[in-house]
Protein chains: 4
Amino acid sequence: MPITAPPCPRIDPDTLSCAVTARVLYADTDKMGIVYHASYFRYLELARVELIRAAGIPYTQLEAAGLALPLSDIAVRFSSPGLYDDVMTIDVGLSLVTRVRVHFDYRVHVKAYDREGLREDVTLLTAQTRHACVRREDARPERLPISVYEVLAAQVRAGA
Amino acid sequence: MPITAPPCPRIDPDTLSCAVTARVLYADTDKMGIVYHASYFRYLELARVELIRAAGIPYTQLEAAGLALPLSDIAVRFSSPGLYDDVMTIDVGLSLVTRVRVHFDYRVHVKAYDREGLREDVTLLTAQTRHACVRREDARPERLPISVYEVLAAQVRAGA
Amino acid sequence: MPITAPPCPRIDPDTLSCAVTARVLYADTDKMGIVYHASYFRYLELARVELIRAAGIPYTQLEAAGLALPLSDIAVRFSSPGLYDDVMTIDVGLSLVTRVRVHFDYRVHVKAYDREGLREDVTLLTAQTRHACVRREDARPERLPISVYEVLAAQVRAGA
Amino acid sequence: MPITAPPCPRIDPDTLSCAVTARVLYADTDKMGIVYHASYFRYLELARVELIRAAGIPYTQLEAAGLALPLSDIAVRFSSPGLYDDVMTIDVGLSLVTRVRVHFDYRVHVKAYDREGLREDVTLLTAQTRHACVRREDARPERLPISVYEVLAAQVRAGA
């Protein structure tokens, strides 16, 4: 059975907003001289926790309610390599929220002049992470509290 | 524009073969008590380099030829959480090889008895990584040497 | 031959200044629920590159001059565990600069109210990293340019 | 107050024994083309858990007894850079065991022929990690069970 679906995430850049910027460290690079692909995931985590914190739902509040949002799916398309000392801008948005599922879309880019000699914004990657709502104590599916759901769902509408 | 494509990679488990096993470390876990999602990527790298080494093409040979295989796409579907001290089996196969593209499919699982009390094989995730062949010196697209192409393409047919 | 020297770094907190703050991610934690010890090293790197950037010597300038500052020694004493969502303050200072050696001292702490319920500043760790100046092309020892040396040495005096 | 103590760990290589070998991945390297310093810590963890497992005390057994061994101190001296695709040998030994403290010493090296063109064993680093025995539930100091203590203490004597 051949692979039929491209893993490229279909995200809508217009619905994303800047959550954070971060500078590339040696810790993030590999011997190819570029950012190692797995290094980006901590920046995606940083962006999504700041997004929901800004919306009024710090992740620690979900934990205190006995909930967790583990990843069920990741899709990333890499467009251009990140370089040491780049100031990356991580845009993030909520693209789907139900009582039991939350999807985040991302675009990691470097703005003009945030890399020496860079004159135009360059996209490093686009990505989507999908999360299930579960109980922390046994990882069983659980519904988001209605109050949390409403706040997050409003973010989806605001983005779109 | 809503997201229309599921990021789930469509892999064919029958064409994969075991490349490596590895034990989960504290370094791999997070405070949820499970393997942090980004921790798996180094194990996927380990599996694919051992697969091509076993096929007779150590990655250092590609480097010596001035080539690199950076990732263009990642797709992962997480099925079940990995736990500390699990002995993970990482199955890997080549699902597509052209002169300029290489796709690897993966299944990370824990076999019965490779976790205390585990009686049945459990799949932690399936994944696909897509790679472009480029020149190391300037990251421009480059074709694989025909001899390398033939060895890798034979792996695809062997798997299928 | 028994071990005779304690690995505890002897740093002088009075000579350190705040370089950066950073928030603890899930990526940084382990299943003990605290920051995994190796996760701190990227924050130490972040602090020292911002320190020398603030002094007028971005690390990329050293690279452009064909130089690198690889680590020769690390010493860390852990005092208290870092927790998820902590806002860590990383203080850093230069404690020794010669033409061929650079030492950085660090204190990572969480200020009062930068962790929920925390009323007093708590030190997570103190550390020292020692670096040798080498040529990038062959990793042979090399002297810092006198202009760089003078700028960095002034930082040591400023601290002390 | 100047720094007075060298962070170099005083280890006795004669008391170490090989615990594990591991091959350097791209994930471990940085843009200097060598192993990033913080990448070694997971290999040190791997070595020490295999050492105590071989002694009959898997770490999960300590966890089941409500105990943990968090790090209190780290000291590392780097001697030579690790390179991509190196097969590293991690030697480890217990240098001190009391009811409340455990010290591990390490030497990470590459044996002749475990790197292309390498004719002599090369030491990458020596290190020591110090651990305190604590209760998992509240991180308070706790004594090792006498049976565990005796097994581990015998390892120190065996090494010396």
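A quick note: this is a predicted structure, and the numbers were derived from the prediction, not measured. (Residues numbered from 1 in each chain as written. Chains lettered and ligands numbered in written order. Predicted model: local features only at pLDDT ≥ 70, side-chain atom pairs only at ≥ 80, totals over all residues. Heavy atoms only, no water.)

## Re the relation of the copies chain B and chain D
Definition in use: The least-squares superposition of copies is restricted to C-alpha atoms, and to residues with a pLDDT of at least 70 in both copies. Two residues form a contact once any of their heavy atoms are found within 4.5 Å.
With an RMSD of 0.0 Å, the operation that places chain B on chain D is a rotation of 180° combined with a shift of 0.0 Å along the axis. Seen this way, the second copy is the image of the first under a two-fold rotation axis. Residue A22(B), judged by its C-alpha, is the member of chain B lying nearest the rotation axis, at 5.2 Å. Here 100% of the interface residues in chain B have copies in chain D that are interface residues too; the copies meet face to matching face.

## Notes on the sheet that holds strand 3 (residues 71–78) of chain C
Pairing between the strands of a sheet comes from backbone hydrogen bonds, and it takes one of two forms, parallel or antiparallel. Put simply, the rule is: When DSSP finds two or more bridges between a pair of strands, those strands are recorded as paired. Comment: elements are numbered from the N terminus, with helices defined as DSSP H or I runs of at least four residues and strands as E runs of at least two. In this description, a line fitted to the C-alpha atoms serves as the axis of each element, helices being fitted only across the stretch in contact, and the angle between N-to-C directions of two axes falls anywhere from 0 to 180 degrees.
Pairing within the open sheet is antiparallel, and its 10 strands lie in the order 1(C)-4(C)-5(C)-6(C)-3(C)-3(D)-6(D)-5(D)-4(D)-1(D). The sheet terminates laterally at strand 1 (17–23) of chain C together with strand 1 (17–23) of chain D, the two strands that pair on one side only. Going from strand to strand, the sheet's axes swing by 20° on average, the running direction of each strand aside. Across 10 bridges, strand 5 (residues 101–110) of chain D lies against strand 6 (residues 122–132) of chain D in antiparallel orientation. Across the sheet, residue D105(D) finds its bridge partner in strand 6 of chain D, namely Q128(D).

## A short note on the pairing of strand 4 (residues 87–97) of chain D
Residues and elements named next belong to chain D. Which entries qualify depends on this criterion: Relative accessible area decides the class of each residue, using a 1.4 Å probe on protein chains only: under 20% of the type maximum gives buried, over 50% gives exposed, and in between gives partly exposed.
Judged by how many residues are buried, strand 4 sits mostly within the fold: 9 of 11 residues are covered. Where strand 1 lies against strand 4, 6 bridges are found, and the strand directions are antiparallel. Paired with S17 across the two strands is V92, which belongs to strand 4. Sheet topology places strand 4 next to strand 5; 9 bridges connect them, and they run antiparallel. When the bridges of strand 5 are listed, L96 appears paired with H103. Connecting strand 4 to the next strand, strand 5, in antiparallel fashion are 3 residues.

## With respect to the interface of chain B and chain D
The condition is simple: We define buried area as the total accessible area lost by two parts upon association, computed with a 1.4 Å probe and summed across both. A side-chain nitrogen of Lys or Arg and a carboxyl oxygen of Asp or Glu constitute a salt bridge if their distance falls within 4 Å.
Listed by partner, the interface residues are 17 residues for chain B and 17 residues for chain D. Carbon and sulfur atoms supply 45% of the area buried between chain B and chain D, which totals about 1,700 Å² over both sides. Where chain B touches chain D, the interface holds 6 salt bridges. In this structure, R23(B) engages E50(D) in a salt bridge whose closest nitrogen and oxygen atoms are separated by 3.6 Å. Taken together, the elements giving at least two residues each to the side of chain B that touches chain D come down to helix 1 (40–54) and helix 2 (59–64) of chain B. Per-element tally for the side of chain B that touches chain D: the top contributor is helix 1 of chain B, with 7 residues.

## So, the interface of chain A and chain B
Put simply, the rule is: In protein, a polar contact means a hydrogen-donor-capable atom and an acceptor-capable atom, both N or O and within 3.5 Å, with residues adjacent in sequence counting only if both atoms are side-chain atoms; elsewhere, any N or O pair within 3.5 Å suffices. For this scheme, ten residues count as nonpolar: Ala, Val, Leu, Ile, Met, Phe, Trp, Tyr, Cys and Pro. Four count as charged, namely Asp, Glu, Lys and Arg, and the remainder, Gly too, count as polar.
Residue-level contacts link 36 residues of chain A with 36 residues of chain B. Taken together, the two surfaces of chain A and chain B that pack against each other cover about 3,200 Å², and 56% of this comes from carbon and sulfur. Summed over the shared surface of chain A and chain B, the number is 4 salt bridges. The shortest N-O distance in the salt bridge between R77(B) and D73(A) comes to 2.7 Å. In this structure, the connection of chain A to chain B is made through 10 residue pairs in polar contact (both at pLDDT 80 or more). Listed by contribution, the elements that provide at least two residues to the side of chain A that touches chain B are helix 1 (40–54), helix 2 (59–64), strand 3 (71–78) and strand 6 (122–132) of chain A. Counting residues per element, the side of chain A that touches chain B draws most heavily on strand 3 of chain A, which supplies 8 residues. By residue class, the composition of the side of chain A that touches chain B is 19 nonpolar, 5 polar and 12 charged. Inspection of the sheet shows strand 3 of chain A paired to strand 3 (residues 71–78) of chain B by 5 bridges, in the antiparallel sense. In the sheet register, V76(A) faces strand 3 of chain B, and the bridge partner there is I74(B).

## Overview of the sheet that holds strand 1 (residues 17–23) of chain B
The 10 strands are arranged 1(A)-4(A)-5(A)-6(A)-3(A)-3(B)-6(B)-5(B)-4(B)-1(B) in an open sheet whose pairing can be described as antiparallel. At either end of the open sheet lies a strand with only one pairing partner, and these are strand 1 (17–23) of chain A together with strand 1 of chain B. Sheet twist, expressed as the mean angle between neighbouring strand axes with direction ignored, is 20°. Lying on the sheet, helix 1 of chain A is in contact with strand 1, strand 3, strand 4 (87–97), strand 5 (101–110) and strand 6 of chain A together with strand 3 of chain B; it crosses strand 4 of chain A at an angle near 60°. On the sheet, helix 1 of chain B packs against strand 3 of chain A together with strand 1, strand 3, strand 4 (87–97), strand 5 (101–110) and strand 6 (122–132) of chain B and is oriented at approximately 60° with respect to strand 4 of chain B.

## Here's the deal with the environment of S80(B)
Residue and element names in this part refer to chain B. Looking at where S80 falls in the secondary structure, it is placed in the loop between strand 3 and strand 4. Take S80: its relative accessible area is 22%, and that puts it in the partly exposed class. Taking C-alpha positions, S80 is 10 Å from T126, a pair spaced 46 residues apart along the chain. Discounting residues that sit within four places of it in the chain, S80 has contacts with V122, T123 and L124.

## Side note on the confidence of the model for chain A
To keep things clear, this is the line we draw: By definition, pLDDT measures how confident the predictor is in each residue, and it falls between 0 and 100.
Taken residue by residue, chain A gives an average pLDDT of 92. The fraction at 70 or more is 94%. For this predicted complex, the interface score ipTM comes out at 0.92, alongside a pTM of 0.94.

## Details of the pattern of salt bridges
Overall, the coordinates contain 48 salt bridges over all chains when judged by the stated rule. For D85(C), the salt bridge goes to R53(A), with nearest N and O atoms at 3.0 Å. Of the two residues, D85(C) sits in the loop between strand 3 and strand 4 (87–97) while R53(A) sits in helix 1, which places them in two different chains. A residue is classified by how much of its surface remains accessible, and D85(C), at 14% relative accessible area, is buried. Here D86(B) makes a salt bridge to R115(B), at a shortest N to O gap of 2.7 Å. Of the two residues, D86(B) sits in the loop between strand 3 and strand 4 while R115(B) sits in the loop between strand 5 and strand 6, which places them 29 residues apart along the sequence. On the basis of relative accessibility, which here comes to 1%, the residue D86(B) falls in the buried class. If you follow the salt bridges from partner to partner, you end up with R23(A), D85(A), E50(C) and R53(C) in one network.

## Considerations on the environment of D121(B)
All names here are of chain B. Structurally, D121 is set in the loop between strand 5 and strand 6. Distance in space between the C-alpha atoms of D121 and H109 is 6.9 Å, their sequence separation being 12 residues. Beyond its immediate stretch of four places on either side in the chain, D121 contacts R107, H109, V110, K111 and A112. A polar atom in the side chain of D121 sits 3.4 Å from the side chain of R107.

## Details of the environment of K111(C)
Residue and element names in this part refer to chain C. Looking at the secondary structure, you find K111 in the loop between strand 5 (101–110) and strand 6 (122–132). Judged by relative accessible area, K111 falls into the partly exposed class, the value being 39%. Distance from K111 to V134, taken between C-alpha atoms, is 37 Å for residues 23 residues apart in sequence. Among all residues touching K111, those that are not within four sequence positions of it are T89, L118 and D121.

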